[in-house]
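In case you want the letters, here they are:
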Amino acid sequence: MHNKSRITRRDALKMAGVGAAAAAFPFARPAISQGAPLRVGLLLPYSGTFAALGDGITNAMDLYVKQQGGKLAGRTIEWVKVDDESAPPKATELTSKLVQGEKVDVLIGTVHSGVAMAMAKIAREAGIPTLIPNAGANVLTRAQCAKNIFRTSFGNSQPGVATGIAMIKAGIKTAVTYSWGYAAGEESVAGFKESFVAGGGKIIKELTLPFPNVEFQAGLAEIASLKPQAVYSFYAGGGALKYMQDYAAAGLKSSIQLWGPGFLTDGVEKAAGAAGEGVKTALHYVESLDNAENKKFRADYNAAFKRFPDVYAVQGWDTTQLLDVGLKAVGGDIKKQDDLYKAMRAAKFNSPRGPFRLSAAQNPIHNFYLRELKGGENVYLGVAAADVSDPTTGCNLA
Amino acid sequence: MDLVLIQLLNGVQYGLLIFLAASGLTLVFGIMGVINLSHGSFYMLGAYGALTLTQFTGDIFLSLALGVPLAFVFGFIIEWLFIRHLYDRDHLQQVLLTFALILIFNEAQKILWGSYPHSVPVPGYLQGGIKISQFLSYPYYRVAVAAFCVALALAMMFVIQKTRIGRIIRAGESNREMVEALGIDSRLLFRFVFASGAALAATAGIVAAPLESVYPGIGEPVLIISFVVVVIGGIGSIKGAFVGAILIGVADALGKVYFPAFSSSVVYALMAAVLIARPGGLFGRAA
């Protein structure tokens, strides 16, 4: 608690500092783009059920830039933060505010798929370099892909496909799905269905709950009456925590295995306590991954923020890594868009999650790991599926 | 046990919890005529207060005993600082000020507790549950919360109907000037009512904390559903809030079984139906 408030105070100071500087030198910005600060717009949730995700992404990006001396390819990075509240109706206005109002050079956002859809529409029209650090809506790197839009997280169906493969391997034959009924939940379930049914599994029923409703009791009672071998669930953040607790309190844990994409446990490992014990998930990251980047990243992040990074922080970190690759290729000149995009498309680097590269539709191709929550930690059980890429269906870049 | 019966049980229990939050809102709205949008924030502060207090006391019920008086005092101060200036102003200004309070409380929450979700432990003696089917058990803590809500509802109805302070509150609701003419300080009355409303919302937040887990923005859905309850039950009526909350809880739980695709609109359909049949609400005065 104490540590978190320290970060917030520092953030507040920093923002006050930026504000004061802007007020003191309104005309001091050099006309030449080269030495001027690069304004990076952050459209992320800083309040509501996804606030912790927005904070994790922001912290990691900030850490990366600080480690490069506050600059990427010689350009000082200036964050322009906007809280998108994970509210799709506000997304268009807030994105316009960043792109047209604040005239940011780069746009980074966001967590909620619905918000990201509205954001991407404006980004495509404005042709502004855009990086998506979490939102998984499939179409963003399928039919609605664009040369200026890059994703460093995942397509919603990817974790679902990987989880389905892992469940088949674990010998599960029947499952019920119970997820939030919005784009991310539906696409996640669709991905799961694809690999689970292909592997010979049977889905007894698909239950949904409107986002961000967290009154799970009704669905849990139905699951108990359907008696599947396992449940596949897509929830995240505060909702995921409550779900695991309700699932355990309803007594389902001892008879029906709980599976899901890793968002179910990430960020709430400790808070879940006994209720989370034994929940199995597949994700493109696991805390104990044995690679040099991950070890250094975890140590540095913990030193800076007094907490270990989660998958959202990793995605934020890779967002800045990818941007850095692009900026270095054009010597910091963001106006050379063709070269910038070419370098970013071809980028291959080592992420804390393992090897990272992009598909033709500019969505990550990466490994998915099987994890089990034990003693407040996601324990690594092995690779669930290697080199998982998302179909580029309908993308004109592919 | 039959699925429908289990859902009815879930619905009643959910409704009882909503009642706790809505009862405070209906009092403040009905008696003081103030639209208090920050009501959900008191719920949120109750939940986060439960998180912190339980770290010290180790038991949610001790936290409740400590937290409710704190919330009452907090409500008292908020009324004195802000709300008392609003009585003679129109609803729009009340909405503006109480909305500003939401933003301030949310920011304070972020500074004090951060944005990661937390869980509040269920006390050891209420771990586990009653087995109601082969796979399903009903947690003891939920049963305890339901019993607590019923007891509190009965106590509130007793206070409002049978005691002197209850008579003053009811008199203040129907004719404020006459109450003042009879020598009762309505400013003090209002302060008491507002503080009680805040304490009720915080009570709901505290007992819900182990059920809900605690995360930013936890109070906003509660505010919306509380307004729906107040509209259905009739403004200012505790009995109405009780019936309205149970109706909503049951409609929501059954809606999730029979109309899963429309489950989020079932409660609003219910509200619309009540408004058409009885514009003043089930137990309200005719509008």
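Cut-offs used in this document
Residues numbered from 1 in each chain as written. Chains lettered and ligands numbered in written order. Predicted model: local features only at pLDDT ≥ 70, side-chain atom pairs only at ≥ 80, totals over all residues. Heavy atoms only, no water. Helix = DSSP H or I, 4+ residues; strand = E, 2+ residues; numbered from the N terminus. Rg over C-alpha atoms; globule rule 2.2 N^0.38 Å. Contact = heavy atoms within 4.5 Å. Areas by Shrake-Rupley, 256 points an atom, 1.4 Å probe, with all protein chains shown as cover. Lys, Arg positive; Asp, Glu negative; His and termini not counted. Charge placed at Lys NZ, Arg CZ, Asp CG, Glu CD. Salt bridge = Lys/Arg side-chain N within 4 Å of Asp/Glu carboxyl O. Buried < 20%, exposed > 50% of the residue type's maximum accessible area, 1.4 Å probe, protein only. Phe/Tyr/Trp six-rings, centres within 6.5 Å; stacked < 30°, edge-to-face > 60°. Lys NZ or Arg CZ within 6 Å of the ring centre and 35° of its normal. Pairing = 2+ DSSP bridges. Axes fitted to C-alpha atoms, helices over the stretch in contact; angles between N-to-C directions. Domains from an automatic or database assignment. Buried area = accessible area lost by both parts, 1.4 Å probe. Polar contact = N/O pair within 3.5 Å; in protein donor to acceptor, adjacent residues only side chain to side chain. Nonpolar A, V, L, I, M, F, W, Y, C, P; charged D, E, K, R; others polar. Patch = residues over 30% accessible without salt bridge, like charges linked within 9 Å, V, L, I, M, F, W, Y side chains within 5 Å.

**Concerning the overall build of chain B**
- What chain B contains, in helices and strands, is eleven helices and two strands.
- Taken from N to C terminus, the helices and strands of chain B fall in the order α-α-α-α-β-β-α-α-α-α-α-α-α.
- Compactness check: chain B gives a C-alpha radius of gyration of 19 Å against a globular reference of 19 Å for 287 residues, within 12% of the reference.
- The principal-axis extents of the C-alpha atoms in chain B amount to approximately 65 × 45 × 35 Å.
- Here the analysis covers contacts within chain B between residues at least 6 apart in sequence; of these, 77% occur between residues at least 24 apart.
- Put simply, chain B shows about 12300 Å² of open surface, and 71% of that area lies on carbon and sulfur atoms.
- Each charge sign in chain B was given a centre, from 16 positive and 13 negative side chains, and these centres are 7 Å apart.

**Considering the pattern of salt bridges**
- Evaluation of the coordinates by the stated rule reveals 19 salt bridges over all chains.
- Across the salt bridge formed by Asp246 of chain A and Arg142 of chain B, the nearest N and O atoms sit 3.6 Å from each other. Taken as a pair, Asp246 of chain A in helix H8 (residues 237-249) and Arg142 of chain B in helix H5 (residues 140-162) lie in two separate chains rather than in one. Both residues of the pair, Asp246 of chain A and Arg142 of chain B, belong to the buried class.
- Linking Arg353 of chain A and Asp318 of chain A is a salt bridge whose minimum nitrogen-to-oxygen distance equals 2.9 Å. Linking Arg353 of chain A in the loop between strand S12 (348-351) and strand S13 (354-358) with Asp318 of chain A in helix H11 (residues 311-329), this pair joins segments that are 35 residues apart in sequence. Across this residue pair, the class does not change: Arg353 of chain A and Asp318 of chain A are buried.
- Here the salt bridges share partners, and the residues they tie into one network are Arg39, Glu78 and Glu102 of chain A.

**Details of the packing of aromatic side chains**
- One pass over the structure, following the stated rule, counts 33 aromatic pairs over all chains.
- When the ring of Trp180 of chain A is compared with that of Tyr182 of chain A, the centres are 6.4 Å apart and the planes differ by 75°; the resulting orientation is edge-to-face.
- Overall, Trp180 of chain A belongs to the buried group, its relative accessible area being 1%.
- Taking the centre distance of 5.9 Å and the plane angle of 65° together, the rings of Phe234 of chain A and Phe263 of chain A count as edge-to-face. Of the two residues, Phe234 of chain A sits in the loop between strand S9 (230-232) and H8 while Phe263 of chain A sits in the loop between strand S10 (257-261) and helix H9 (269-272), which places them 29 residues apart along the sequence. In terms of burial, Phe234 of chain A and Phe263 of chain A fall into one category: buried.
- Taken together, the aromatic side chains of Phe154, Tyr178, Trp180, Tyr182, Phe216, Phe234, Tyr235, Tyr243, Tyr247, Phe263 and Tyr312 of chain A make up a single cluster linked through ring pairs.
- The side chain of Lys227 of chain A reaches across the aromatic face of Phe135 of chain B, ending 5.9 Å from its centre.

**What to know about the sheet that holds strand S3 (residues 75-83) of chain A**
Residue and element names in this part refer to chain A.
- The strand order S2-S3-S1-S4-S5-S6 describes an open sheet built from six strands, whose pairing is mixed. Each edge of the open sheet carries a strand with a single partner, namely strand S2 (71-72) and strand S6 (149-151).
- In this structure, strand S4 (residues 106-109) lies alongside strand S5 (residues 130-132), joined through two bridges in parallel fashion. By the bridge assignment, Leu107 is partnered in S5 with Thr130.
- Seen against the sheet, helix H2 (residues 51-67) touches strand S1 (38-44), S2, S3 and S4 and runs at an angle of roughly 160° to S1.

**Comments concerning the domain arrangement of chain A**
Residue and element names in this part refer to chain A.
- According to the domain assignment, chain A consists of domain 1 (31-154 + 289-358) and domain 2 (157-283 + 369-388).
- Computed from C-alpha atoms alone, the centre-to-centre distance between domain 1 and domain 2 is 28 Å.
- Contacts between domain 1 and domain 2 engage 17 residues on the former and 20 residues on the latter.
- Of the roughly 1400 Å² buried between domain 1 and domain 2, counting both surfaces, carbon and sulfur atoms make up 58%.
- Three residues stand out in domain 1 for area buried against domain 2, namely Thr49, Asn138 and Phe154, and they jointly supply 30% of the buried area on that side.
- Taking the shortest distance from any N to any O, the salt bridge between Arg357 and Asp387 comes out at 3.8 Å.
- Where domain 1 touches domain 2, the interface holds five residue pairs in polar contact (both at pLDDT 80 or more).
- Class assignment for the residues of the side of domain 1 that touches domain 2 results in six nonpolar, six polar and five charged.

**Points about a nonpolar patch on the surface**
- Together, Val73, Phe76, Ile77, Trp80, Leu81 and Leu188 of chain B make up a nonpolar patch on the protein surface, roughly 550 Å² of accessible area in all.
- Examining the composition of the nonpolar patch, we find that five residues originate from one element, helix H3 (residues 60-81) of chain B, more than from any other.

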